[in-house]
Structures are given as C-alpha cells and as structure tokens.
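Architecture at a glance
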Amino acid sequence: MITILDFLLLMFLIVCAIAVARIRDLLSAVVIFAAYSLVMAIIWQMLGSPDVAITEAALGTGVTTFLFIAAISRTQRAE
Amino acid sequence: MDDLVTRSVCRLMVPFVQLYGAYLVFYGHLSPGGGFAGGAVIAASFILYALSFGQETASRRIAPGISHLMESGGGLLFVLAGLFGIMLGGTFLANKAAGFYMGIPGQLFSGGIIMILSFGVGIKVTSTMVTLYNSLSKRG
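Worth saying up front: this structure is predicted, and the values here are computed from it rather than measured.

**Points about the nonpolar core**
In terms of nonpolar packing, the biggest core is built from 23 residues, with Leu59 and Val63 of chain A together with Cys10, Ile47, Tyr49, Met129 and Tyr133 of chain B touching the most fellow members. If you list the elements that add at least two residues to this core, you get α3 (50–74) of chain A together with α1 (4–26), α2 (35–53) and α5 (114–137) of chain B. With nine residues, the top contributor of residues to this core is α2 of chain B. Aside from chain neighbours lying at most four places away, what touches Tyr49 of chain B is Cys10, Gly54, Thr57, Ala58 and Arg61 of chain B. Listed in part, the five residues of the second largest apolar core include Leu9, Leu13, Val39 and Ile43 of chain A.

**Section: the interface of chain B and chain A**
Contacts between chain B and chain A engage 20 residues on the former and 12 residues on the latter. Contact between chain B and chain A buries roughly 1,400 Å² in total, counting both sides, with carbon and sulfur atoms accounting for 77%. Scanning the region where chain B abuts chain A turns up zero salt bridges. Of all the elements in the fold, those that place two or more residues in the side of chain B that touches chain A are α1, α2 and α5 of chain B. At eight residues, α2 of chain B tops the list of elements feeding residues into the side of chain B that touches chain A.

**Let's talk about the packing of α3 of chain A against α5 of chain B**
The N-to-C vectors of α3 of chain A and α5 of chain B enclose an angle of 20°; their axes lie 9 Å apart at closest approach. Our classification of the angle between α3 of chain A and α5 of chain B gives roughly parallel. Helix-helix and strand crossings are classified by hand; for α3 of chain A and α5 of chain B the assignment is left-handed. Contact with α3 of chain A, carried on its side by Leu59, Val63, Leu67, Ala70 and Arg74 of chain A, involves Met129, Leu132, Tyr133, Leu136 and Ser137 of chain B of α5 of chain B and no other residues of that element. Class assignment for the residues of the contact of α3 of chain A with α5 of chain B results in eight nonpolar, one polar and one charged.

**Side note on the environment of Leu136 of chain B**
Take Leu136 of chain B: it is sitting in helix α5. Apart from the residues within four sequence positions on either side, Leu136 of chain B is in contact with Leu67, Ala70 and Arg74 of chain A.

**Remarks on the pattern of salt bridges**
Applying the stated criterion across every chain, the model contains two salt bridges over all chains. Between Asp25 of chain A and Arg77 of chain A there is a salt bridge whose closest N-O contact spans 3.0 Å. One end of the pair, Asp25 of chain A, is in the loop between α1 (4–22) and α2 (26–46); the other, Arg77 of chain A, is in the segment after α3, and 52 residues separate them in sequence. A salt bridge links Lys124 of chain B to Glu71 of chain B, with the nearest nitrogen and oxygen atoms 3.9 Å apart. One end of the pair, Lys124 of chain B, is in helix α5; the other, Glu71 of chain B, is in helix α4 (residues 64–87), and 53 residues separate them in sequence.

**Let's talk about the packing of α2 of chain A against α3 of chain A**
All names here are of chain A. Interhelical geometry of α2 versus α3 gives an angle of 175° and a closest axis separation of 8 Å. In terms of orientation, α2 lies roughly antiparallel with respect to α3. Across from Leu26, Leu27, Val30, Phe33, Ala34, Ser37, Leu38, Met40, Ala41, Trp44 and Gln45 in α2, the residues of α3 making contact are Pro50, Val52, Ala53, Glu56, Ala57, Gly60, Thr61, Thr64, Thr65, Phe68, Ile69 and Ile72. Taken together, the residues of the contact of α2 with α3 sort by class into 16 nonpolar, six polar and one charged.

Calculation criteria
- Residues numbered from 1 in each chain as written.
- Chains lettered and ligands numbered in written order.
- Predicted model: local features only at pLDDT ≥ 70, side-chain atom pairs only at ≥ 80, totals over all residues.
- Heavy atoms only, no water.
- Core = buried A, V, L, I, M, F, W, Y, C linked by side-chain atoms within 4.5 Å.
- Buried < 20%, exposed > 50% of the residue type's maximum accessible area, 1.4 Å probe, protein only.
- Helix = DSSP H or I, 4+ residues; strand = E, 2+ residues; numbered from the N terminus.
- Contact = heavy atoms within 4.5 Å.
- Buried area = accessible area lost by both parts, 1.4 Å probe.
- Salt bridge = Lys/Arg side-chain N within 4 Å of Asp/Glu carboxyl O.
- Axes fitted to C-alpha atoms, helices over the stretch in contact; angles between N-to-C directions.
- Parallel < 35°, antiparallel > 145°, perpendicular 65-115°, else oblique.
- Left-handed = near helix turned anticlockwise from the far one by under 90°.
- Nonpolar A, V, L, I, M, F, W, Y, C, P; charged D, E, K, R; others polar.

Note that every value here comes from positions in space, so none of it alone points to a role or purpose.
Right, dumping it as structure tokens:
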C-alpha cells in the first residue's frame, strides 16, 4: 500500500538522483545529494528501520557533505 | 569564515548534538543507535565546530595527537573486551558465558559488555571522522 506521502518522497528521490548525475556544478550536486540523503533517511524511518535512518541522517547528510565540500575546496568547483 | 551568526548558532547547537550522540552511544543496546551512529553524530558536531570557528581553534579542543590516540584506543578497547571473554573461560566476545553482569533487561546497566563495545566503537568512529576531515582540510 503506497500512500501519497510515500509517492511524493520517492518521486523527490528520483528527481534528486537524476539531478545529481546531470548537473555540472559540483557544489550544487553536493547540496542536492544532501537533500537526497535526508529524504532517504525519512524513507528508512517509514520502512521501519530507525537504526539505518539515524546513520543515514548523520553520515549521508552531515559528514559526507562536509567531506565533499572540503574536497571541492581543495580542487575545482566546475566539472 | 568569521561570521557572528554562524558562530552563535554553532555555540548553541554543539552541546545538544554531542549530548544526543552520547545518548545514542550509551543507549545503543536498548534503543536504535549504537556505537557507529552515535560516533558519527559526535564527529559531525566536532566538524561543525571546526567549520565555524576555524581549524586552529578546533585543534585546541581536540588535538590531532589525542585524536590518533583515541582512534587506536577505541579499537584496542574493543579487542581487550573481547579477550576478556577468552580469559574468563568462554569464546572471543563471550558475554553471558563469561559471567558478566547481565542486569535487568531494559535498564541502562544491563547486557554485560555491549555498552563497553559500543563505547569503543563510538570513540573510534568519532576520531576517524575528525581525522579524515582534518587531513582533507589541511592547507599545504
């Protein structure tokens, strides 16, 4: 049974995934990837696995974004 | 990166983030969370501090040498807690068979050595993330 909220979140997830792959600006890609991780954490929680949701929210949204931004600041921003 | 708003928000947020990370580590055997997730949350708070206050101030709080020591110590704590099981007459990481205090299920001090193992994993994950960020953001 897919509710409307599930459908909206999954659509947002697909749009984010396509946008990350298509966009040319790397900093924008990192920000969109953080949004992807946040929605993914909400979906994990709705699927009934709060443990994975906490890890996804902490690692995918927090630490990975920081590491990507640190890597971009050492290299070029444009692809 | 010397912004008043960023520093004020960071100063407000960091204690609560660290408290939540400590809760995740110490209640890992009762509720969702555990060593890895809690360590990642604590590491995110340290990285947030380093982003808003600068690398020099942050390395006064958690020096690179101490971070390396914590990384080795966390893994060593895990292995030593596992070897206690062998010493007390069980297998590696033996918990109840080695006679550790089990406590009442659902209370904080229960489950034998699981809390110690979570603590070791949390320390190691925290220092690993902080070291990763330090070595990535170091100039030169």
